Amino acid sequence: MSELVSTIQKVLAETGLVLGWSATGAGGVAAPERFHTAEEAEVAIFDSTCVHNLSVHLPRLKGRAVGIVAKACDARSIVELIAEREVDGDQVRVIEVSCTDTLDVKAIWRRYGYGALIEDDGSELRVNGEPVEREAFVQAKCLDCEDRQPATPAGKPVPSGSKPANARQQLREDFQAMSVGERRAFWREQYARCIRCHACREACPMCYCRDVCIMQTTDPHWTGGGINTAEAEMMQLIRVNHLAGRCTACGECERACPVGIPLMLLMEEQNRAIEEMFDYRAGVDPEAKPPLLTFDIKGDSWDGE
Ligand code: SF4
Ligand code: SF4
Ligand code: SF4
């Protein structure tokens, strides 16, 4: 029995529910699971295809004890959810797993066909039994992750200077070099591909006010549902602004986007501005007061009297 399975089973004895993964997805990749019993937990795994941030489920489980298997990037979301009082820290048992990186499963399947068999030991990636260049399929967010572990799952040290060529860094640099007008044109080109599926919102652990989300209420009808560049731009303006000072850079919005819009570029820019203005990073301190959720009431009327 793996150490992970026995840890999950111990936590289950206290909570009765653990969110984790089994290898039951297409092509042998990880699928999210809810384990309720020690027997169910026997199939639990953690590997480089465990890409999902399972903390997205926690707000809907508020009020009950729950265990959750989490990578370091997922754990930041849990910390921020506790800071925002959407998750009760006393009720959540985090089973933190170490990882060197996770794979861009969608990119692999785009190249080799949906459901292609993926086998990865952390250093060698095989698709349908054939070795492929692993570094080309590491998730962009992992390329400069400060929480990467010093050893691969196989126990081999990561050689210094072996980080994959960072396409994301290049995109950042290209974006920084653009004028304001060029940036606007860049985003308009990106939004032109948006299909308004709302997957970016659904995958985001910090987008938890779904029942009252102004992007979908019809009474009042704040936003249209049109699939065009202007409405997609408005939708992202709302989404990004509502995440100001709350985004933990988990990367799930970008991973979920079916048309490959580089949403993390937006989030990173905003996160950098928030850190400069408020000296605050989301997902670091569960006792912190998120700056844009903090206010004082002065006076007793809206005109400030
Ligand atoms: S961002 Fe870091 S913690 Fe998250 S999956 Fe990638 S390497 Fe692991
Ligand atoms: S906006 Fe994206 S990166 Fe930020 S918390 Fe939400 S899913 Fe994660
Ligand atoms: S996930 Fe992508 S395509 Fe879907 S609404 Fe968000 S930006 Fe648009």
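Note that the coordinates shown come from a computational prediction; the quantities given were computed from them, not determined experimentally.

With that out of the way, let us pick up the overall build of the chain. Scanning the chain from terminus to terminus reveals nine helices and seven strands. Its C-alpha atoms give the chain a radius of gyration of 21 Å, within 12% of the compact-globule value 19 Å for 305 residues. Its C-alpha atoms give the chain principal-axis dimensions of roughly 65 × 45 × 40 Å. In the chain, buried positions account for 46% of the 305 residues. Residue pairs in contact within the chain that sit at least 24 positions apart in sequence constitute 65% of those at least 6 positions apart.

Another point: the site of ligand 1. The local shell around ligand 1 consists of K71, A72, C73, C99, T100, D101, T102, K141, C142, C145 and R148. Of the residues that constitute the shell around ligand 1, the class distribution is five nonpolar, two polar and four charged.

Below, the discussion takes up the sheet that holds strand 1 (residues 18–22). Ordered by their spatial adjacency, four strands build an open sheet running 2-1-3-4, and the pairing between neighbours is mixed. In this open sheet, the two strands that pair with only one neighbour each are strand 2 (31–35) and strand 4 (92–96). Direction aside, neighbouring strands of the sheet carry axes that sit 35 degrees apart on average. In terms of strand pairing, strand 1 meets strand 3 (residues 66–70) through two bridges, oriented parallel. Looking at strand 3, one finds that L19 is bridged to I68. Packing of helix 1 (residues 3–15) onto the sheet brings it into contact with strand 1, strand 2, strand 3 and strand 4, and relative to strand 4 it is tilted by some 180 degrees. Where helix 2 (residues 72–83) meets the sheet, its contacts fall on strand 1, strand 3 and strand 4, and the angle it forms with strand 3 comes to roughly 140 degrees.

Rules used throughout
Residues numbered from 1 in each chain as written. Chains lettered and ligands numbered in written order. Predicted model: local features only at pLDDT ≥ 70, side-chain atom pairs only at ≥ 80, totals over all residues. Heavy atoms only, no water. Helix = DSSP H or I, 4+ residues; strand = E, 2+ residues; numbered from the N terminus. Rg over C-alpha atoms; globule rule 2.2 N^0.38 Å. Buried < 20%, exposed > 50% of the residue type's maximum accessible area, 1.4 Å probe, protein only. Contact = heavy atoms within 4.5 Å. Near = heavy atom within 4 Å. Nonpolar A, V, L, I, M, F, W, Y, C, P; charged D, E, K, R; others polar. Pairing = 2+ DSSP bridges. Axes fitted to C-alpha atoms, helices over the stretch in contact; angles between N-to-C directions.

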